[in-house]
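Chain and residue survey
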Amino acid sequence: MSDITIDGETVAATAGDNLGALLHRLGDARLRATLSGAPRGLFCGMGTCFDCVVLVDGKPARACLTAIRPGMVVERQGGRP
C-alpha cells in the first residue's frame, strides 16, 4: 500500500491502480464542478470526455487514465460562480 493525499486527507492506495476507480470506490463520485457548479465525475472511463479531470501534483489529469503513484497529491476542482 502507498499513501496518497486526496483533498488534504491521507488515503491508503495501491501503486499502479487506477485513480478514477479509487475515487469512485471512496464514495464521492464528484470529481470536479463546471463553471456553473454542476458536479462531474467518471463518465466515459477511457479519457475522451474530460469529465474526470482533477489536479494531480498541481497539474490537470484525467483520473480515468492516471495510475496511482506513492505520495501523489490529488485535488478535486470546484466551479466558479
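The structure contained in this document is the topic of the report that follows. None of these values were measured; they are calculated from a predicted model.

1. So, the pattern of salt bridges
Pairing of side chains with opposite charge becomes possible as their charged atoms draw close. What the rule picks out here adds up to four salt bridges. The partner of Arg 76 in a salt bridge is Asp 7, with the nearest N and O atoms 2.7 Å apart. With Arg 76 in the segment after β7 (73-75) and Asp 7 in the loop between β1 (2-6) and β2 (9-13), this pair connects stretches of sequence that are 69 residues apart. Looking at Arg 76, the relative accessible area reads 18%, which means it is buried. Arg 32 is the partner of Asp 51 in a salt bridge, and the nearest nitrogen-oxygen pair spans 3.3 Å. Placement of Asp 51 in the loop between β4 (39-40) and β5 (53-56) and of Arg 32 in strand β3 (residues 32-33) is noted, with a sequence separation of 19 residues between them.

Cut-off values and rules
The numbers attached to residues start from 1 for each chain and follow its sequence in the written order. Predicted model: local features are reported for residues with pLDDT of at least 70 only, side-chain atom pairs are reported and counted for 80 or more only, and whole-chain, interface and lining totals are derived from all residues. Excluding hydrogens and water, the side-chain values take into account all heavy atoms of the structure. Here, a salt bridge means any side-chain nitrogen of Lys or Arg that lies within 4 Å of a carboxyl oxygen of Asp or Glu. We count a stretch as a helix when DSSP gives it H or I for four or more residues in a row; a strand needs E for two or more, and each element gets its number in order from the N terminus. Working definition: with a 1.4 Å probe on protein chains only, accessible area under 20% of the residue-type maximum means buried, over 50% means exposed, and in between means partly exposed.

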